[in-house]
Amino acid sequence: MHKTLSVATRLAAVAAVTLLGACAGMAPAPVFSQDSLPDTVKVPAGHRVVLETVGVGEITYECRAKVGDAMAFEWAFVGPRADLNGRDGKKLGTYFGPPATWASNDGSRITGTQVAVAPAKPGSIPLQLVRANPATGNGAMTGVSFVQRVATVGGVAPALPCDAAGAGRKEVVKYQADYIFWKPA
């Protein structure tokens with residue numbers, strides 16, 4: 001005896017097979033690994049990643065007299081400004097300073113104190129480990145204990161001349177870096 005399936009039953013079966021096929025092709029979300037990082041910028045054991053962002057922005061430098069030698073000049077760091085985006089490109093917050101401040105769109109924010117830096121690829125700002133101060137506001141930044149700056153691209157001081165004639169001149173350079181947020185496990 002031959003039974004005919006209803007259109008609704010056939011559509012449900014096709015949808016189930018399609019959904020299973022799509023799920024089978026999905027890779028699990030990547031988990032950040034510190035394995036390739038220098039020990040100086042690794043977060044201590046007992047912490048877990050709670051947020052991964054891509055900071056895209058700029059760093060401002062100013063031509064100033066060197067501390068302790070008023071006759072010599074250098075490009076001095078003024079501060080950063082960047083959007084913090086999720087891996088999907090959606091803006092989750094901002095990074096700015098000084099002081100170094102990570103602010104989530106949910107109103108929570110942290111500042112931090114640099115613990116260590118390590119060299120990055122030539123032409124890029126160093127990798128960095130920051131100990132977070134207690135958050136203000138409740139949200140994504142609540143409980144964050146460390147922030148890592150990794151995968152840096154650009155952001156170094158300009159290669160332009162900096163001398164007495166250019167004192168006070170500011171230059172803005174583009175940069176990108178991943179900011180990884182950690183909480184106690």
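Throughout, a residue's number is its position along its own chain's written sequence, starting from 1. Reporting of local features is limited, given that this is a predicted model, to residues whose pLDDT is at least 70; pairs of side-chain atoms are given and counted only at 80 or more, and all residues count toward the totals for whole chains, interfaces and linings. Note that the side-chain values use all heavy atoms of the structure and ignore hydrogens as well as water.

(A) Broad picture of the sheet that holds strand E4 (residues 101-104). The antiparallel closed barrel is built from 8 strands, whose spatial order is E1-E2-E3-E4-E5-E6-E7-E8. Direction aside, the axes of adjacent strands within the sheet are offset by 30 degrees on average. Whether two strands pair comes down to DSSP finding at least two bridges between them. Numbering goes from the N terminus for both helices and strands, where a helix is a DSSP run of H or I of at least four residues and a strand is a run of E of at least two. Across 13 bridges, strand E1 (residues 47-66) lies against strand E2 (residues 69-85) in antiparallel orientation. Opposite Ala-65, over in E2, you have Phe-73 as the bridge partner. Here the axes come from fitting lines to C-alpha atoms, over the contacting stretch only for helices, and the angles between their N-to-C directions go from 0 to 180 degrees.

(B) Region of interest: the layout of surface pockets. Detection works on a 1 Å grid of protein atoms alone, calling trapped sets that fit a 1.4 Å probe cavities and calling open sets with protein on both sides within 12 Å along at least five of seven lines pockets, with lining residues defined by an atom within 4 Å of a point. Grid points are joined across faces, edges and corners, and a volume is the space filled by probe spheres set on the points. If you add up the space inside the largest pocket, you get close to 330 Å³. Looking at the largest pocket, it is lined by 22 residues, and the ones nearest its centre are Phe-77, Tyr-95, Gln-114, Gln-128 and Arg-149. Among the secondary structure elements, those contributing two or more residues to the lining of the largest pocket are E1, E2, strand E3 (91-96), strand E5 (109-118), strand E6 (127-132) and strand E8 (170-184). When residues in the lining of the largest pocket are grouped by element, the largest group, 4 residues, is from E5. The class makeup of the residues in the lining of the largest pocket is 16 nonpolar, 5 polar and 1 charged. Amino acid classes used here: Ala, Val, Leu, Ile, Met, Phe, Trp, Tyr, Cys and Pro are nonpolar; Asp, Glu, Lys and Arg are charged; the rest, including Gly, are polar.

(C) Broad picture of the environment of Ser-104. Within the element layout of this structure, Ser-104 appears in strand E4. Along the primary structure Ser-104 and Gly-137 are separated by 33 residues, whereas in three dimensions their C-alpha atoms are 9.7 Å apart. A contact between two residues is defined here by any heavy atoms of the two lying within 4.5 Å. Filtering out sequence-adjacent residues up to four positions away, Ser-104 remains in contact with Leu-92, Gly-93, Ala-140 and Met-141.

(D) Inspection of the pairing of E1 at higher detail. In this sheet, E8 lies alongside E1 in antiparallel orientation, the contact comprising 15 bridges. Considered in E8, the bridge of Ile-59 is made with Val-173. Connecting the antiparallel pair E1 and E2 is a turn made up of 2 residues, with Gly-68 showing a positive phi of about 85 degrees.

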